Amino acid sequence: MIYTPTPPNPYFANLPLSWFTEGGTGTGQPPPPLPNNPPLFASLLSNGDTSQSSGAPVPGEPVTTPVDSRPTVTANVDRSLQTVLERPSATKTKPEMRNGSTSAQLPICNQDQSKALAPSRPLVQDYAAMMPCYQQDLAWATQHNDRPAAEQALYNLGAAAFAIGDYTQSINYYEQSLALARQDQPHSDRQEGQLLAGLGTAYSALGEYTKAVQAYTQSLEKLQRASDASNPDNLKFQAFTLRNLGIAYLAQNEVAKAIAGQQQSLSITRRIQDHQGDGQALGNLGTAYFIQGDYPQAIAYTMQALTIAQQRQDLAEQGRALSALGWAHYGLGDYSKAIAEHQQHLAIARQIGDRAGEGQALSNLGDALLQSGRPVEAEQALRAAIHVWETLRAGLGSSDARKVSIFETQATTYTTLQEALVAQNKATAALEVAEQGRARAFVELLARRRAESGEWGVGSGVAEQSTVSIQPPSLAEIQRIARAQKATLVEYSIVLNGFQVAGNRTVKESKLHIWVVQPDGTIAFRQVDLKSLNRSLATLVAGSRRAIGVRGRGGLDVTPDPGDSAPQTNELQQLHQLLIQPIAGLLPPDPNAHVVFIPHGALFLVPFAALQDESGHYLIEQHTILTAPSIQALGLTHAQPGSDRAWEQNPADLLIVGNPTMPSVPSLRGGAPQKLPGLPGAEREAIAIADLLHTQALTGNRATKAQVLQQITQTRLIHLATHGLLDDLVGLDVPGAIALAPSGKDDGLLTAREILNLKLNADLVVLSACDTGRGNITGDGVIGLSRSLLSAGASSVVVSLWSIPDAPTVDLMTAFYRNLLHNQDKAQALRQAMLTTMQTQPNPRDWAAFTLIGAAESVRQR
């Protein structure tokens, strides 16, 4: 027999508003929506029967509903074709596998276990109960060297893992099954297509939509090339994959492609009379039209989907359709209908054990309650939603990348709760939620690394927690961190809301929340209205950078200001008016007192040092500035041992690199790799700093990647003056690389991923290179070089926000180290270096690029 399992489908929710925000997120990559409930599979084989069960089909695909301020939409993504999850009885003869082979017996899953997956209405917990059975199948297949049986067991495990929300493990199982399938000679295009579709759904659930699109596209190619391409079962699977591909496109804001995918699917399902597929495609079309702001069309399509789901008694599909209807009525301002529909969805999700759907329904319900003027009830629903999200995130284990990805899909629930709390005059409680909703994966990574290195002893409670998660900070902990830092902490949070503009739906930034935590623990709150802005914050920040006229170090990545060399200050003053003026009276009068900015979204790219007040004074002239991705992350970097110890003047403590023999990098336009230009200024910089510190710099052929890696984990102070690469390298999961001299078989590029895997002991790392403070902007902060260095163990890093000019950087960095030698702390030393450089180089592009992230303690000589 050829078994025809149906891969699970992603279940989306909480589409982040930044999908629809003018200017996007500033990263060029719209954040993903929230994964919804996996499809729950029905059709099972009975003893010796090769036909599918005729029981009522089970839910399969999701629906996506964007959040109005953050609608949790459900896209009727393909909910489920009837899936054959092989569950032989204790004495069952194993059916023919996909390559035509047979095995004697597969004596694993008994009849009682088989009953766990009732064809009529399987629940998520049913799959959890069946996983040990599938593990036994795999063990049996391995023991008997039966590759087809192992392949099928791995597929079943992948489907079950998806159903219970363990998306990372689902990917692992699917990849193993796919690898086995490809070893079969010949192997079936159809079987490979089905496995690729399953893999795509798991990627989608984690918000990894680029990988999902690739998997779905490959799946369609295989299915359409299969020998049975016109078979109704194959056509059903093609329609299923088209629906999921369309939803993956929708997650990337490619609405036209999303609609095309659903329409192609609908043409197939109607031809083969697949009513379940009809309903899912119709529901997805409703979602797409919702995103376009055509609410009547969205309601019309979704009502058709709901009718089909009710006729089929498919509870999961009914829940998703109700969720989509709730957001369409939300968009029309009919909050009472929206609330009723989200409540119905919540009841269904709880009935069928759909945890992700429950979180989605609670988040949507909370938003609708808030908009209807019921903030207390909204708070209750949103806190319940966050509890669900925290549970799902814990299931991802130690996968940093996937925690970042799935958290992006859930972040809007946290900002909605902030609004509900502010509406009740609970601004300090909203600060706790703001912290809970940012940099969580980074904090857990820092905690885990410190626990692994033994910095927290057994019994501290932190090491045990860090293996899974670390609790977000309470208000008391936030105040403790401010006291320990002896700093004023400024945390920003951008709030978005949906609006109707010229008859179309759009989502824009509506408010800016600002909290100021004083060194004594006093907390103040300010709110700024952003609705009157004629452009997004991302566009404003980008304009401020263009106005500065940033240039490339050594001619790399040049983006010069086409106008006069004198900077235009309108954007810098406008940003000052929005970000600083509302809290100016709360900032310390002493210019040497530390002010730590915790940005949000596009604000991570703000050159805070260069912001100008109405009189033309720069912020750096008035304050000593640091930045951090979150208050909790700041507390962890501050607490790293050795951050306030003196370093000795010997080569073992210092690693100074400048102008390595440059490597070649692939051209973004294709063609042969091109060698990076040399940086004579960086070499002068490294030699001057080395002379100050009584050591020798690594330059030219001596500054190899191999040599740097040999020294970097032992040194206390690291200075790298070279090219920094951000967009020049494609395919990096963690953006960013440092150019070093190649040697042997290495390419000379030290990537952010490689740095993340190091164990550093550095008090300070200075990346005197281009764009080293940039990367992918997420709810977890900036994913790039700075995050990798701090995660690897550095107490603090100095990085650049743009492509730095060569000559002024030599002067600035030399002044920075001279200030350190006079026992100034790192933040004060950087501030004074900026002020000194400003005297001869008044344009902010020449002195304002660098920012200090992390601990600010002085680096003193003994």
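As the structure is a computational prediction, the values presented were derived from the model and not from experiment. (Residues numbered from 1 in each chain as written. Predicted model: local features only at pLDDT ≥ 70, side-chain atom pairs only at ≥ 80, totals over all residues. Heavy atoms only, no water.)

**Q** Mind showing me how you'd approach the overall build of the chain here?
**A** Each helix and strand in the chain was counted, giving 28 helices and 20 strands. The proportion of buried residues among the 862 residues of the chain is 65%. Counting only contacts in the chain whose residues sit at least 6 apart along the sequence, the fraction spanning at least 24 positions is 73%. Accessible area of the chain: about 28,800 Å², with a carbon and sulfur share of 49%. (Helix = DSSP H or I, 4+ residues; strand = E, 2+ residues; numbered from the N terminus. Buried < 20%, exposed > 50% of the residue type's maximum accessible area, 1.4 Å probe, protein only. Contact = heavy atoms within 4.5 Å. Areas by Shrake-Rupley, 256 points an atom, 1.4 Å probe, with all protein chains shown as cover.)

**Q** Could you clarify how one ought to interpret the side chain of Thr-814 in this entry?
**A** Here Thr-814 shows up in helix 27 (residues 806-821). Assessed through its relative accessible area of 12%, Thr-814 is described here as buried. Polar side-chain contacts of Thr-814 include one of 2.7 Å to the backbone oxygen of Val-810. In this structure Thr-814 touches Ala-688 and Leu-692, once residues within four positions along its chain are discounted. (Polar contact = N/O pair within 3.5 Å; in protein donor to acceptor, adjacent residues only side chain to side chain.)

**Q** Where do I start with helix 24 (residues 705-712) in this structure?
**A** Note on helix geometry: an α-helix contains 3.6 residues per turn, so any two residues three or four positions apart are oriented the same way. Here helix 24 has its buried residues at Lys-705, Val-708 and Ile-712. Taken down its axis, helix 24 places every buried residue within 65 degrees of arc, on the same side. On its buried face, helix 24 is in contact with strand 8 (654-660), strand 12 (717-721), strand 15 (749-751) and helix 25 (752-756). (Arc of directions from axis to C-beta.)

**Q** For this particular structure, what's the right way to read the packing of helix 10 (residues 295-311) against helix 11 (residues 315-331)?
**A** A pair of packed helices is characterised by two quantities: the angle between their axes and the separation of those axes. Packing of helix 10 against helix 11 brings their axes to within 9 Å, and their N-to-C directions diverge by 160 degrees. Comparing the axis directions of helix 10 and helix 11 gives the class roughly antiparallel. Seen along the crossing, helix 10 lies across helix 11 with a hand that is left-handed. Contacts from Tyr-295, Ala-298, Ile-299, Thr-302, Met-303, Leu-306, Ala-309 and Gln-310 in helix 10 reach Glu-317, Gln-318, Ala-321, Leu-322, Ala-324, Leu-325, Ala-328, His-329 and Gly-331 in helix 11. Partitioning the contact of helix 10 with helix 11 into residue classes produces 11 nonpolar, 5 polar and 1 charged. (Axes fitted to C-alpha atoms, helices over the stretch in contact; angles between N-to-C directions. Parallel < 35°, antiparallel > 145°, perpendicular 65-115°, else oblique. Left-handed = near helix turned anticlockwise from the far one by under 90°. Nonpolar A, V, L, I, M, F, W, Y, C, P; charged D, E, K, R; others polar.)

**Q** Explain the confidence of the model for the chain to me, please; I cannot follow it from the model alone.
**A** In this model, the chain carries an average pLDDT of 74, and 70% of its residues clear a pLDDT of 70 or more. Residue range residues 1-108 is modelled with pLDDT below 50. Its contacts to residues more than four positions away, or to other chains, number 520 contacts. Taken as a whole, residues 728-733 scores under 50 in pLDDT and shows 10 contacts with residues more than four places along the chain or in a different chain. (pLDDT = per-residue confidence, 0-100.)

**Q** How should the sheet that holds strand 13 (residues 724-725) be read in this particular structure?
**A** Within a sheet, each strand pairs with its neighbour through backbone hydrogen bonds, oriented either parallel or antiparallel. On the basis of which strands lie adjacent, the open sheet formed by 3 strands has the order 13-14-15 and antiparallel pairing. The open sheet has two free edges, formed respectively by strand 13 and strand 15, since each of these has just one partner strand. Bridge count for strand 14 (residues 737-739) against strand 15 is 3 bridges, and the pairing is antiparallel. Paired with Ala-739 across the strands is Leu-749, a residue of strand 15. (Pairing = 2+ DSSP bridges.)

**Q** Would you mind going over the pairing of strand 12 with me for this structure?
**A** It is a general feature of regular strands that their side chains alternate between the two faces of the sheet. Most of strand 12 is tucked away: 5 of the 5 residues are buried. On strand 12, burial covers both faces: Leu-717, His-719 and Ala-721 on one face and Ile-718 and Leu-720 on the other are all buried.

**Q** Would you explain the pattern of salt bridges in this entry?
**A** Between side chains of opposite charge, a pair can form when the charged atoms approach closely. Under the counting rule described, the total for this entry stands at 20 salt bridges. Here Arg-312 and Asp-314 are joined by a salt bridge, their closest N and O atoms 3.1 Å apart. For the residue pair Arg-312 and Asp-314, the accessibility class agrees, reading buried in each case. Salt bridges sharing partners connect three or more residues here, namely Arg-182, Glu-192 and Lys-222. (Salt bridge = Lys/Arg side-chain N within 4 Å of Asp/Glu carboxyl O.)

**Q** What's the story with the nonpolar core in this structure? I'm lost.
**A** In a soluble, globular protein the nonpolar side chains are often hidden away together inside. In this structure, Tyr-492, Leu-579, Phe-816 and Trp-847 are the most contacted members of the largest nonpolar core, which totals 169 residues. Element by element, the count of residues in this core is highest for helix 7 (residues 232-251), at 9 residues. Grouped together as the second largest cluster of nonpolar side chains are 26 residues, Leu-655, Leu-750, Leu-790 and Ala-794 included. (Core = buried A, V, L, I, M, F, W, Y, C linked by side-chain atoms within 4.5 Å.)

**Q** Can you help me understand the pairing of strand 8 in this one?
**A** Most of strand 8 sits out of view: 7 of its 7 residues are buried. Examined bridge by bridge, strand 8 and strand 12 share 5 bridges and lie parallel to one another. By the bridge assignment for strand 12, Ile-656 is matched with His-719. Alignment of strand 8 against strand 11 (residues 698-700), held across 3 bridges, turns out to be parallel. Bridge pairing in strand 11 links Pro-660 to Gly-700.

**Q** Looking at this structure, I do not really get the environment of Asp-806. What am I missing?
**A** Here Asp-806 is to be found in helix 27. Exposure remark for Asp-806: the relative accessible area of 16% places this residue in the buried category. C-alpha of Asp-806 to C-alpha of Pro-680: the two residues are 126 residues apart in sequence and 8.5 Å apart in space.

**Q** I'm lost on the side chain of Ser-177 in this one. Help?
**A** Assignment of secondary structure puts Ser-177 in helix 4 (residues 167-183). Residues contacting Ser-177, with those up to four places away along its chain left out, are Glu-151, Leu-154, Tyr-155 and Leu-195.

**Q** Can you help me understand the packing of aromatic side chains in this one?
**A** Aromatic rings considered in pairs are described by the distance between their centres and by the relative angle of their planes. This structure, assessed with the given rule, holds 12 aromatic pairs. For the ring pair Tyr-492 and Phe-597, a centre distance of 6.3 Å and an interplane angle of 15 degrees mean the geometry is stacked. Pair noted here: Tyr-492 is in strand 3 (residues 487-501) and Phe-597 is in strand 6 (residues 594-598), with a separation of 105 residues, a long-range link. The buried category is assigned to Tyr-492, whose relative accessible area is 0%. Three or more aromatic residues joined by ring pairs form one cluster here, namely Trp-327, Tyr-330 and Tyr-335. (Phe/Tyr/Trp six-rings, centres within 6.5 Å; stacked < 30°, edge-to-face > 60°.)

**Q** Hey, could you run me through the environment of Gly-744 in this one?
**A** Tracing the chain through its elements places Gly-744 in the loop between strand 14 and strand 15. Separated by 40 residues in sequence, Gly-744 and Thr-704 have C-alpha atoms that sit 9.7 Å apart.

**Q** Help me understand helix 7, please; the structure alone is not making it clear to me.
**A** End to end, helix 7 covers 29 Å across 20 residues, agreeing with the expected 28 Å (1.5 Å per residue, within 8%). With 17 of 20 residues buried, helix 7 is to be regarded as a mostly interior element. The backbone nitrogen of Asp-233 has a side-chain oxygen 2.7 Å away, supplied by the residue at the start of helix 7, namely Asn-231. (Expected span 1.5 Å × (residues − 1).)

**Q** Please clarify how the packing of helix 23 (residues 680-692) against helix 27 should be interpreted in this entry.
**A** Where helix 23 meets helix 27, the closest approach of the two axes is 9 Å, and the angle between their N-to-C directions is 15 degrees. In terms of orientation, helix 23 and helix 27 fall into the roughly parallel class. As helix 23 runs across helix 27, the sense of the crossing is right-handed. On helix 27, the residues touching Pro-680, Gly-681, Ala-682, Glu-685, Ala-688, Ile-689 and Leu-692 of helix 23 are Asp-806, Thr-809, Val-810, Met-813, Thr-814, Tyr-817, Arg-818 and Leu-821. In the contact of helix 23 with helix 27, the residues fall into 9 nonpolar, 3 polar and 3 charged.

**Q** I tried to follow unusual backbone geometry on my own but got confused; where do I start?
**A** Note: most peptide bonds trans; most residues except glycine with negative phi. Look at Asn-425: it is not a glycine, yet its phi comes out positive at around 60 degrees. Position of Asn-425 among the secondary structure elements: in the loop between helix 15 (400-423) and helix 16 (427-436). The residue Asn-659 is not glycine, and still its phi comes out positive at about 50 degrees. Tracing the backbone shows Asn-659 in strand 8.

**Q** I would appreciate a short explanation of the environment of Ala-547 in the present structure.
**A** Structurally, Ala-547 can be placed in helix 20 (residues 537-548). Looking at Ala-547, the relative accessible area reads 4%, which means it is buried. With 298 residues separating them along the chain, Ala-547 and Arg-845 place their C-alpha atoms 9.2 Å apart.

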